[in-house]
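What the coordinates show
Listed below are the residues making up each chain.
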Amino acid sequence: TPIIFPDSALKESFSKIGSVIASAFVKYSAAAIFGGTFGNFAVKYPKVAVFALGIPLLIASFFKVPAYILIPLSVFGSIAVGRFFYVQEHKA
C-alpha cells in the first residue's frame, strides 16, 4: 500500500523546499553569473584573466580593505589591464 501524506504535511514540505531554492537563488545567482562571465573571458583572454584574479588577491592579502572598495578596484583594474594589452597589441 502506498504511503499517503496528509495534505498539510505535503504543503509544508513543498514550502520548505521552495524557500531553500529561493534562498539559494538569492545567495548564489550573482556569484554564478560573474563566475560564468569570468570563465568566458578567461578562455578568450587568458592574460587578462591572470590579472583579474591577481589584482584582488594581492590587494586583499596586503591591505585590509572592505569589499565595497576591493570590488571596484578589481573591476577597473582588470579593465585597465585589458585596455593596456589591447593598445599594445594594436600598436604594431
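Quantities reported herein were computed from a predicted structural model and do not represent experimental measurements. (Residues numbered from 1 in each chain as written. Predicted model: local features only at pLDDT ≥ 70, side-chain atom pairs only at ≥ 80, totals over all residues. Heavy atoms only, no water.)

Before going further, it helps to spend a moment on the overall build of the protein. Counting secondary structure elements, the protein contains three helices and zero strands. For the protein, the succession of helices and strands along the chain, N to C, is α-α-α. In the protein, which comprises 92 residues, the proportion classed as buried is 10%. As displayed, the protein offers around 7,900 Å² of accessible surface, 75% of which is attributable to carbon and sulfur atoms. (Helix = DSSP H or I, 4+ residues; strand = E, 2+ residues; numbered from the N terminus. Buried < 20%, exposed > 50% of the residue type's maximum accessible area, 1.4 Å probe, protein only. Areas by Shrake-Rupley, 256 points an atom, 1.4 Å probe, with all protein chains shown as cover.)

A separate point is a nonpolar patch on the surface. Residues L58, F62, F63, V65, Y68, I69 and L73 make up a contiguous nonpolar surface patch of about 760 Å² in total accessible area. At the level of secondary structure, the elements contributing two or more residues to the nonpolar patch comprise α2 (46–62) and α3 (67–91). It is α3 that contributes the most residues to the nonpolar patch, three residues altogether. Relative to the elements of secondary structure, F62 occurs in helix α2. (Patch = residues over 30% accessible without salt bridge, like charges linked within 9 Å, V, L, I, M, F, W, Y side chains within 5 Å. Salt bridge = Lys/Arg side-chain N within 4 Å of Asp/Glu carboxyl O.)

With that out of the way, let us pick up the side chain of S78. Residue placement: S78 occurs in helix α3. Engagement of the side chain of S78 in a polar contact is seen with the backbone oxygen of S74, the distance being 2.8 Å. Filtering out sequence-adjacent residues up to four positions away, S78 remains in contact with V48, A52 and I55. (Polar contact = N/O pair within 3.5 Å; in protein donor to acceptor, adjacent residues only side chain to side chain. Contact = heavy atoms within 4.5 Å.)

As a general rule, the predicted coordinates of low-pLDDT regions are not to be interpreted in detail. Of the residues in the protein, 85% have a pLDDT of 70 or more, and the chain-wide mean is 83. Mean pLDDT across the secondary structure elements of the protein bottoms out at helix α1 (residues 7–44), with 78, and peaks at α2, with 91. (pLDDT = per-residue confidence, 0-100.)

In a regular helix each residue adds 1.5 Å, so 17 residues correspond to 24 Å; α2 covers 24 Å between its end C-alpha atoms and thus fits that length. Within α2, burial applies to A49, A52, I55 and I59. (Expected span 1.5 Å × (residues − 1).)

It is at 9 Å that the axes of α2 and α3 come closest, and there the two elements cross at 145°. In this structure, α2 crosses over α3, and the sense of that crossing is right-handed. From α2, K47, V48, F51, A52, I55, P56, I59 and A60 reach across to α3, where they touch L70, L73, S74, G77, S78, V81, G82 and F85. Across the contact of α2 with α3, the residue classes tally to 11 nonpolar, four polar and one charged. (Axes fitted to C-alpha atoms, helices over the stretch in contact; angles between N-to-C directions. Left-handed = near helix turned anticlockwise from the far one by under 90°. Nonpolar A, V, L, I, M, F, W, Y, C, P; charged D, E, K, R; others polar.)

Bringing α3 into the picture now. Residue pairs three or four apart in sequence face the same way in an α-helix, which turns once every 3.6 residues. When the terminal C-alpha atoms of α3 are compared, their 36 Å separation across 25 residues agrees well with the 36 Å that a helix rising 1.5 Å per residue should span. Listing the buried residues of α3 in full gives L70, S74, G77, S78 and V81.

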